[in-house]
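# Structural overview for review
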Amino acid sequence: MNQGKFWMTPLNLSIENTYNLGLEYLLSGSPEMAFNCFSYILPLCSKNPLIWVRLAESCLALHIQKVISLINSFYSFSIFQIFFFFFFSFLENFFFKVD
């Protein structure tokens, strides 16, 4: 038995596959499914900070999708573009301000 590959147990492979599936959902625009995948493996590896980051990304992506659908239901597409341009430029200036 190779002692160098102790991490390749079926449980760890299942965690890795679920994480990869959640990441694929997140990148393909399905943040709710991604959140379900990440929250499923959270009790098994809750000390891994990357899981928490991916959960936060899923929440933010879902929130942005809901805001976009709400804005699209009330405004035309051009107003939507203007709003998000100013919104994201404000966030960029607020969080990444260089002094």
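Presented here is a report on the structure given in the accompanying data block. Model, not experiment: these values are computed from the prediction. (Residues numbered from 1 in each chain as written. Predicted model: local features only at pLDDT ≥ 70, side-chain atom pairs only at ≥ 80, totals over all residues. Heavy atoms only, no water.)

## A word on the overall build of the chain
- From N to C terminus, the chain includes four helices and zero strands.
- Moving toward the C terminus, one meets the helices and strands of the chain in the order α-α-α-α.
- Here the chain, with 99 residues, has 19% of them falling under the buried criterion.
- Surface accessibility of the chain: about 7900 Å² in total, with carbon and sulfur atoms responsible for 68%. (Helix = DSSP H or I, 4+ residues; strand = E, 2+ residues; numbered from the N terminus. Buried < 20%, exposed > 50% of the residue type's maximum accessible area, 1.4 Å probe, protein only. Areas by Shrake-Rupley, 256 points an atom, 1.4 Å probe, with all protein chains shown as cover.)

## As for the nonpolar core
- Residues Ile 15, Tyr 19, Leu 26, Ala 34, Phe 38, Ile 41, Leu 42, Cys 45, Ile 51 and Leu 55 constitute the largest nonpolar core, which totals 10 residues.
- Residue assignment for this core shows that the elements contributing at least two residues are α1 (10-27), α2 (31-41) and α3 (49-74).
- If we ignore the near neighbours within four places in the chain, the residues touching Ile 51 are Tyr 19, Phe 38, Ile 41, Leu 42 and Cys 45. (Core = buried A, V, L, I, M, F, W, Y, C linked by side-chain atoms within 4.5 Å. Contact = heavy atoms within 4.5 Å.)

## What about the packing of aromatic side chains?
- Inspection of every chain in the model, using the stated rule, returns one aromatic pair.
- When the ring of Tyr 19 is compared with that of Phe 38, the centres are 5.5 Å apart and the planes differ by 50°; the resulting orientation is tilted. Of this pair, Tyr 19 sits in helix α1 while Phe 38 sits in helix α2, and the two are 19 residues apart along the sequence. Across the pair, Phe 38 and Tyr 19 agree in class, each one buried. (Phe/Tyr/Trp six-rings, centres within 6.5 Å; stacked < 30°, edge-to-face > 60°.)

## Here we look at the environment of Cys 37
- For Cys 37, the position within the fold is in helix α2.
- Taking the C-alpha atoms as reference points, Cys 37 and Thr 18, separated by 19 residues in sequence, lie 6.0 Å from one another.
- Among residues more than four places away in sequence, those in contact with Cys 37 are Thr 18, Leu 21, Gly 22 and Tyr 25.

## Quick notes on the pattern of salt bridges
- Inspection of the entire model under this criterion finds one salt bridge.
- One salt bridge in this structure joins Arg 54 and Glu 57, with 2.8 Å as the shortest N-O distance. Of the two residues, Arg 54 and Glu 57 are both situated in helix α3; the distance of three residues between them amounts to about one turn of the helix.
- On the accessibility criterion, Arg 54 (18% relative accessible area) is buried. (Salt bridge = Lys/Arg side-chain N within 4 Å of Asp/Glu carboxyl O.)

## A few points about α2
- Buried residues of α2: Pro 31, Ala 34, Cys 37, Phe 38 and Ile 41, and no others. Across the axial projection of α2, the buried residues extend over an arc of 120°, all falling on one side. The exposed residues of α2 that point more than 90 degrees off its buried face are Glu 32 and Tyr 40. (Arc of directions from axis to C-beta.)

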